[in-house]
Amino acid sequence: MDLHLHLGGEGGLAEQIYAQLHERIRTDALPAGTVLPSSRELAERLSVSRATVVAAYERLAAHGLIRSRAGIGTFVTGARVPATPAPPASPLQPRAIWSAEQFAIPDLIVDAEFDFAPGIPGRTQFPFARWRALINDQLRTRTDVGYADPAGSARLRDALARHLVVSRGVRIAPEQLVITTGAQQAFDIAARVLLEPGDTVAIEDPGYLPAYRGFLAHGARVVGVPVDSEGLVVERLPAETRLVYVTPSHQFPLGMPLSESRRTALLAWAAEHDAAIVEDDYDSEFRFTGRPLTPLQATDKEGRVLYVGSFSKTLLPALRVGFLGVPAPLGEAARRAKFVADYGTAGHVQAALAAFIEEGDLARYIRRMRRSYERLHDLLSGTLRADFADALEPIESSGGTHMAALLTSGQPSDTVLAARALTAGVNLGTISRWGIDRLGPNGFVFGYGAVPADRIPAALAALRRVI
């Protein structure tokens, strides 16, 4: 028979073949008794491997929709595809908090020619072949496939502890580290360990909304604290604050570091008010100018800082691996909280990452990407200052994978301009959406990890045409 299938949609090739044949059998476009092409013939027509077609046919056969008989071929059985039953009505309702606008999921995938969304590291330079070899080696040789220490593999925590002391001056014992599913789970574990419902959490305003949502979901009272050119304004912290969330190396989203005087003041404030500090050191490896900034954790003399990092920003978001370093008295509680959350992060990924660190791949990659991000930062900053002086005022920054720029007085809102830019193929982060207690400043966040250097001039030219 002449069977036309169209490949190129969502899902793998076998899934697409299965879905299209399933739909045609369900609607009787392929009635009972219809003889289908052989797997070899259909594979040739679709320019796919025979194994791909066989996988789709086997799945249809498992559902009783087709059958193969020697001398006849593969034919439709006539079995009815059951309609998907309507779900039963339920009296159950979620907590009111989950209907709140603060918990709306933003568009994480935007179809744009030029994607300046913040928080996306460079992908084209990632050593995929090396990472694939490490993962394959673990899958081929691992025999410890049962449950393991929920805090993470000892090998990875040892490697990570050594990496942190060399790269960031963070001295933390392996048993004080918990391997997490990204930084977001690290915030969740910190909240589980330290917060009671109703406790006050202070967060930079504008600030990192995922952390804000995480603390809010645990029943905390989350209060925004303003930032200025020196970072978090410590004297504006509420006296009853139990936990302070801060991004001292590269304030998110504005980009300035927390000044030395503010760092000292914050640590003193936490000691005076018996508060904890969650330090999100999300992209500090990529500092371009000036001396390296010492993390709060490295100067904390009282054991009040919980240190959070993420390989989502350093390597790839899809890895979903982060870590939480806690003061010694919290180590066992953090381990137990991780166990309650998910029993532990994927073992083969941890083992591959440990080897990636131990064999120097991570350090080499960070050095290479630091140079790459510096070139991107300088090109972006220079072009904004030269071609957008009437519209945008870049905020000075000296590292990371994003920079911010405020719109000049009289400009429309950043959300209006961002929507206009998207029609021109440019995706931008808006600073206003990162406000905590109120809208953030009017401006843009330019993440430059996902836009190659040779594409930045074209991207900014497209943006200039709509601003």
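Here's a quick rundown of the structure.

What counts, and at which threshold
Residues numbered from 1 in each chain as written. Predicted model: local features only at pLDDT ≥ 70, side-chain atom pairs only at ≥ 80, totals over all residues. Heavy atoms only, no water. Helix = DSSP H or I, 4+ residues; strand = E, 2+ residues; numbered from the N terminus. Buried < 20%, exposed > 50% of the residue type's maximum accessible area, 1.4 Å probe, protein only. Pairing = 2+ DSSP bridges. Phe/Tyr/Trp six-rings, centres within 6.5 Å; stacked < 30°, edge-to-face > 60°. Lys NZ or Arg CZ within 6 Å of the ring centre and 35° of its normal.

Moving on to unusual backbone geometry. Here the bond from aspartate 205 into proline 206 is cis, since omega is 5°, no more than 30 degrees from zero. Here proline 206 lies in the loop between strand 6 (200-205) and helix 7 (209-217). Its identity is not glycine, yet aspartate 28 carries a phi of approximately 65°, on the positive side. On the secondary structure map, aspartate 28 appears in the loop between helix 1 (13-26) and strand 1 (35-36). Looking at aspartate 28, the relative accessible area reads 42%, which means it is partly exposed. Phi at aspartate 274 takes a positive value of approximately 55°, unusual for a residue other than glycine. Inspection of the secondary structure assignment puts aspartate 274 in the loop between helix 8 (260-273) and strand 10 (276-280).

Okay, the pairing of strand 5 (residues 177-180) next. Of the two faces of strand 5, both are covered, the one formed by Leu177 and Ile179 as well as the one formed by Val178 and Thr180. In this sheet, strand 12 (residues 322-325) lies alongside strand 5 in antiparallel orientation, the contact comprising four bridges. The residue of strand 12 that forms the bridge with leucine 177 is glycine 325.

This paragraph deals with the packing of aromatic side chains. Within this structure, the stated rule accounts for 21 aromatic pairs. With a centroid separation of 5.5 Å and an interplanar angle of 75°, the aromatic rings of phenylalanine 116 and phenylalanine 446 are classed as edge-to-face. Within this pair, whereas phenylalanine 116 is found in the loop between strand 4 (114-115) and helix 4 (128-141), its partner phenylalanine 446 is found in strand 17 (residues 443-447), the two being separated by 330 residues in sequence. In this structure phenylalanine 116 comes out as buried when scored by relative accessible area, which is 0%. Accessibility expressed as a relative area gives 0% for phenylalanine 446, which makes it buried. Members of the aromatic cluster, joined through ring pairs, are Phe187, Tyr208, Phe215, Tyr245, Phe252, Tyr282 and Trp434. Sitting above the plane of the tyrosine 18 ring, arginine 59 keeps its charged end 3.8 Å from the centroid. Cation over ring: arginine 433 sits above tryptophan 434, and NZ or CZ is 4.4 Å from the ring centre.

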